[in-house]
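Descriptive analysis of the structure
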Amino acid sequence: MTFEKYKNEQIAKNYGSTLARRKALCSFDMKYIQKNCQDASRILDLGCGTGRHIVVLGKRHRVTGIDISPHMIGLAQKAIKKRRINADLIVGDICSMNKLVKGKFDAVIMMYHTFGSIVPKSKRASLLKKIYSSLKDDGILIMHVHNRHHIKNLYFLYDTFKQSLFRSDVEFGDKQIKSGALQGVKIHFFSQPEIVNLLKNTGFKVIDFLKLAYPEEDRVIKGPKAALHTGGFIVKARKCTKK
Ligand SMILES: C[S@@+](CC[C@H](N)C(=O)[O-])C[C@H]1O[C@@H](n2cnc3c(N)ncnc32)[C@H](O)[C@@H]1O
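Throughout what follows, the structure given in this document is the object of discussion. (Residues numbered from 1 in each chain as written. Predicted model: local features only at pLDDT ≥ 70, side-chain atom pairs only at ≥ 80, totals over all residues.)

**Re the overall build of the protein**
When helices and strands are counted, the protein shows 9 helices and 9 strands. With 243 residues in all, the protein has 37% of them scored as buried. Expressed as a percentage of contacts within the protein between residues at least 6 apart in sequence, the contacts between residues at least 24 apart total 68%. (Helix = DSSP H or I, 4+ residues; strand = E, 2+ residues; numbered from the N terminus. Buried ≥ 20, exposed ≤ 12 C-beta atoms within 10 Å, placed from the backbone. Contact = placed C-beta atoms within 7 Å.)

The structure is reproduced here in structure tokens:
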């Protein structure tokens, strides 16, 4: 299974420098989550990495984090201990989250393209159903994903489309990582309608859809320019129980 590669220690060791290069996005998404989770009592962080959200949210909320990498969770443990924060940190596959956590949450976050590491699309649909079930009525999901229609992705779009026609194991939007510790791992890049439809089909109501300007992703863009200049999306969706 390719997601086993996420357990590589080197990825966790290098993750601090990856985040340092994405400082702008990290500060933007942190502020967004703090603002939108103010009233949340319990928060679940899926694919929590080294715990950058947990160390902040854990001061005011009861937070649970899940990550497949024991090394990422190890670093998150160290970070919360240093700040004397209590949080439940779990090593495990978010696709089995229903077996890993008990009770319901006010908010679930899944940031910095963690959702794109879930392939194929049947697993993403199943994960969203589990997230939906884990939320209290009117609970919210906030996630960040990469946009496949950015202008820099034109060759990738051609390539992934061509491959999806001829290979049963490639879906339109899938990208194979070519080098580094995650070599061979497939990640999925999204379009706006794809994300919106997935969420709606699960029963969520999309209440905010931010198009973030590439490359910093710390600014929202609107209008015609957004079509080809959006690096990633931040999406906020509410669990709707009323028909
Ligand atoms: C790009 S990092 C994002 C980390 C964190 N959410 C952030 O915003 O900094 C993606 C994380 O998802 C984790 N991950 C990938 N697939 C996973 C899975 N199936 N179950 C649990 N964690 C997973 C990786 O180990 C990694 O820590």
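**What about helix α6 (residues 121–134)?**
A rise of 1.5 Å per residue sets the reference length of α6, with its 14 residues, at 20 Å; its end C-alpha atoms lie 20 Å apart and thus fit the reference within 8%. Within α6, the full set of buried residues consists of Arg 124, Leu 127, Leu 128, Ile 131 and Ser 134. For α6, the arc enclosing every buried residue in end-on projection is 120 degrees, short of the 170-degree limit, so these residues lie on one face. Residues of α6 that are buried sit in contact with β1 (42–46), α5 (97–100), β4 (105–110), β5 (135–146) and α8 (192–202). (Expected span 1.5 Å × (residues − 1). Arc of directions from axis to C-beta.)

**Focus: the nonpolar core**
Most often, soluble globular proteins have nonpolar side chains that are buried together. Within the largest apolar cluster, 49 residues are counted, with the highest numbers of intra-cluster contacts made by Ile 43, Ala 107, Val 108, Ile 109, Leu 141, Ile 142 and Met 143. Counting residues per element, this core draws most heavily on β5, which supplies 6 residues. Look past the residues within four positions of Ile 109 in its chain and what remains in contact with it is Ile 33, Ile 43, Asp 45, His 53 and Ile 142. (Core = buried A, V, L, I, M, F, W, Y, C linked by C-beta atoms within 7 Å.)

**With respect to the site of the ligand**
Not every one of the 19 residues close to the ligand is listed here, only the nearest: Gly 47, Gly 49, Ile 68, Met 111 and Tyr 112. For the shell around the ligand, the residue count by class is 10 nonpolar, 6 polar and 3 charged. (Near = placed C-beta within 6 Å. Nonpolar A, V, L, I, M, F, W, Y, C, P; charged D, E, K, R; others polar.)

**Remarks on the environment of Ser 69**
Mapped onto the elements of the fold, Ser 69 is located in the loop between β2 (62–67) and α4 (70–82). Look past the residues within four positions of Ser 69 in its chain and what remains in contact with it is Tyr 6, Lys 7, Ile 11 and Ala 12.

**Re the packing of helix α1 (residues 9–21) against α4**
Contact geometry of α1 with α4 gives a least axis separation of 7 Å together with a crossing angle of 40 degrees. When the axes of α1 and α4 are compared, the pair comes out oblique. Along its contact with α1, which presents Glu 9, Ala 12 and Tyr 15, the element α4 presents His 71, Met 72 and Leu 75. Of the residues that constitute the contact of α1 with α4, the class distribution is 4 nonpolar, 1 polar and 1 charged. (Axes fitted to C-alpha atoms, helices over the stretch in contact; angles between N-to-C directions. Parallel < 35°, antiparallel > 145°, perpendicular 65-115°, else oblique.)

**Re the packing of α6 against α8**
Interaxial distance between α6 and α8 falls to 9 Å at its minimum, and their mutual angle equals 50 degrees. Of the possible angle classes, the one that applies to α6 and α8 is oblique. Along this stretch, α6 crosses α8, giving a crossing that reads as right-handed. Across from Arg 124, Ala 125, Leu 128, Lys 129 and Tyr 132 in α6, the residues of α8 making contact are Leu 198, Leu 199 and Thr 202. Here the contact of α6 with α8 is composed, by residue class, of 5 nonpolar, 1 polar and 2 charged. (Left-handed = near helix turned anticlockwise from the far one by under 90°.)

**A few points about the environment of His 188**
Relative to the elements of secondary structure, His 188 occurs in strand β7 (residues 186–188). On the neighbour-count criterion, His 188 (23 C-beta atoms within 10 Å) is buried. Considering only alpha carbons, one finds His 188 and Lys 102, 86 residues apart in sequence, at a separation of 29 Å. Ignoring anything within four residues of it in the chain, the contact list for His 188 reads Gly 116, Val 119, Glu 171, Gly 173 and Asp 174.

**Section: unusual backbone geometry**
Each neighbour pair has its own omega, and for Val 119 with Pro 120 the value is 0 degrees, a cis peptide bond. Here Pro 120 lies in the loop between β4 and α6. Between Tyr 214 and Pro 215 the backbone carries a cis peptide bond, its omega angle lying at 5 degrees. Its identity is not glycine, yet Asp 138 carries a phi of approximately 70 degrees, on the positive side. Phi is positive for Glu 217, close to 60 degrees, though the residue is something other than glycine. Inspection of the secondary structure assignment puts Glu 217 in the loop between β8 (204–213) and α9 (226–229). Residue class for Glu 217 comes out buried when judged on the 25 C-beta atoms lying within 10 Å of it.

Geometric descriptors of this kind do not, in isolation, establish any biological role.
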